[in-house]
Amino acid sequence: MSFTLPQLPYAYDALEPHFDAMTMEIHHTKHHAAYVNNVNNAIAGTPADALSVEEICKNIKDYPVAVRNNGGGHYNHSLFWSILSPNGGGKPSGKLASEIEATFGSFEQFQEKFNAAAATRFGSGWAWLCVNGGKLEVCSTPNQDNPLMPDTGCGGTPILGLDVWEHAYYLKFQNRRPDYIATFWNIVNWAEVERRYAELV
Amino acid sequence: MSIKSLFIAVLAISFVQCKSVAQTTAVVETPAKESIHKFAPLPYSYDALEPYIDKMTMEIHYSRHHQAYYNNFMAAIKGTDLESTPMIDIFAQMSTHSVAIKNNGGGYWNHEFFWNVMIPGGASEPTGKLADAIKESFGSFEEFKKQFADAGAKRFGSGWAWLSVAQDGKLFISSTANQDNPLMNTETLRGTPVLAIDVWEHAYYLKYQNKRADYLAAFWNVVNWDVVNQNFEQAVR
């Protein structure tokens, strides 16, 4: 059973002026689409063909690097589109909000940690907020790895992620990754992040 | 704290320390020895590689990315003997150095090397001993170009593709992650680079977006084979 490119829940220009329309279109139709095609080719006719992308990631050591890179890319981008929204921004509420406060001291302190993880990931990769053993953690992974994969230095299940590959921000921000990270907070879909959190605790 | 403000803070702290020593001991200080590591000017104007590599990319690539690697590298080695250690020796001992020195020292050296293999003018094909070596190692110049472009295309994430001379004098193609290079003792495939291409997305995204293959193909239009030949002759000496 092959994976399909999920439709975005909003138009390519819906996240303007924060994320530009051209980047959203290329990111979705070229980068993410390529990961989907490549992972399908890599797993065709193999036992991985019957698994969800989450199951593949959790057992990534069983699969060749093409599955890691492209399966990871498919999982990561699918999560990413879902946690962005033109109506996003602001702060989380409910259990997630209190847990962020309890873990990091405040929402602002959580943002600082997340910003640092995103800014200091050298080369390509992702920054994550995860639930690991019931606890919230911030970390980053290289390339298209994610916390579901063992031995990445990140554990648990991500509920929020930020793509820091240059393709995610270069057309609008060029080298100014910190500006891209700052603007991200304007479009975080906290309702979706809270929904993912509720599923795990 | 931004890297720039950290660098300025490091400088400021050094200045304060020097000042307080002078006040307590009334010793005339000799100025600190300048580092051997300089940030070289780009050898040509930003638009010199048009239409293959666009002016805006060259400007941002040199004045922001490369400049930042230099600044961060200098901050990382400040006050250490690495200020007067040649890069090749730093790379030979890379396993003993910090991640900051690896990432930024690599970035500093790699980009200067890259600008030089693209100096406009020069031969558009390899000649002499280099041409023979390429034929011997790869079968033909066309096959070499295919394999080199392939190495660049297959490097997942950020990194570089290289043509290098190994210890035994033979040419080989490899790719490295991030700002690593074949001179570093942390690499499995070690050698002296003679040709390189940056495949970090910042090297091509403004003009080519996801089409890295088009950028790899265009690169052959800007390679200065006289420089590559010089690199080769120095490497096999």
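Going by the structure above, here's the rest.
About the thresholds
- Residues numbered from 1 in each chain as written.
- Chains lettered and ligands numbered in written order.
- Predicted model: local features only at pLDDT ≥ 70, side-chain atom pairs only at ≥ 80, totals over all residues.
- Heavy atoms only, no water.
- Buried < 20%, exposed > 50% of the residue type's maximum accessible area, 1.4 Å probe, protein only.
- Helix = DSSP H or I, 4+ residues; strand = E, 2+ residues; numbered from the N terminus.
- Arc of directions from axis to C-beta.
- Contact = heavy atoms within 4.5 Å.
- Buried area = accessible area lost by both parts, 1.4 Å probe.
- Salt bridge = Lys/Arg side-chain N within 4 Å of Asp/Glu carboxyl O.
- Polar contact = N/O pair within 3.5 Å; in protein donor to acceptor, adjacent residues only side chain to side chain.
- Disulfide = S-S within 2.5 Å.
- Pairing = 2+ DSSP bridges.
- Axes fitted to C-alpha atoms, helices over the stretch in contact; angles between N-to-C directions.

**Student:** Pulling in residues and values, what's your account of helix α5 (residues 128–138) of chain B?
**Tutor:** Residue and element names in this part refer to chain B. For α5, every residue scored as buried is listed here: L130, A133, I134 and F138. End-on view of α5: buried residues confined to an arc of 100°, all on one side of the axis. Every exposed residue of α5 that faces more than 90 degrees away from the buried side is listed here: K129, D132, K135 and E136. Of the surrounding elements, those touching the buried residues of α5 are α6 (141–154), β1 (159–165), β2 (171–177) and α9 (225–236). G139 sits one or two positions beyond α5 and adopts a positive phi of about 100°.

**Student:** Lay out the interface of chain B and chain A with the relevant residues and their values.
**Tutor:** Every contact between the two is made by 17 residues of chain B and, on the other side, 18 residues of chain A. Taking both sides of the interface into account, the surface hidden between chain B and chain A amounts to around 1,800 Å²; carbon and sulfur atoms contribute 62%. Remark: the boundary between chain B and chain A carries 0 salt bridges. The tally of links between chain B and chain A comes to 7 residue pairs in polar contact (both at pLDDT 80 or more).

**Student:** Kindly report on the state of the cysteines, identifying the contributing residues and their values.
**Tutor:** Residue and element names in this part refer to chain A. Per the stated rule, a full pass over the model turns up 1 disulfide over all chains. Bridging C139 to C154, the disulfide has an S-S length of 1.9 Å. The S-S bond linking C139 to C154 shows a torsion near 135°; that makes this disulfide right-handed. Linking C139 in strand β2 (residues 135–142) with C154 in the loop between β2 and β3 (157–163), this pair joins segments that are 15 residues apart in sequence. Taking the relative accessible area as the measure of exposure, C139 reaches 12% and is therefore buried. In this structure C57 is not part of a disulfide, and its nearest cysteine sulfur, from C130, lies 12 Å away.

**Student:** How would you sum up the sheet that holds β2 of chain B? Please name residues and give values.
**Tutor:** Strand-to-strand pairing in sheets goes through backbone hydrogen bonds, with the strands running parallel or antiparallel. All names here are of chain B. Pairing is antiparallel in the open sheet, where 3 strands are placed in the order β2-β1-β3. The sheet is open, and its two borders are formed by β2 and β3 (192–198), each paired with just one other strand. Ignoring strand direction, the axes of neighbouring strands in this sheet form an average angle of 25°.

**Student:** Any details on the pairing of β3 of chain A? Residues and values, ideally.
**Tutor:** Residues and elements named next belong to chain A. In terms of burial, β3 is a largely internal element, 6 of the 7 residues being buried. Bridging between strand β1 (residues 125–132) and β3 involves 6 bridges; their strand directions are antiparallel. Paired with V131 across the strands is T157, a residue of β3.

**Student:** Requested: an account of the sheet that holds β2 of chain A, with residues and values cited.
**Tutor:** Residue and element names in this part refer to chain A. Read from one edge to the other, the open sheet built from 3 strands follows the order β2-β1-β3, with strand pairing classed as antiparallel. Each having just a single partner strand, β2 and β3 make up the two edges of the open sheet. In this sheet, adjacent strand axes meet at a mean angle of 20° when their direction is disregarded. Along the sheet, helix α4 (residues 94–104) makes contact with β1, β2 and β3, crossing β2 at roughly 80°.

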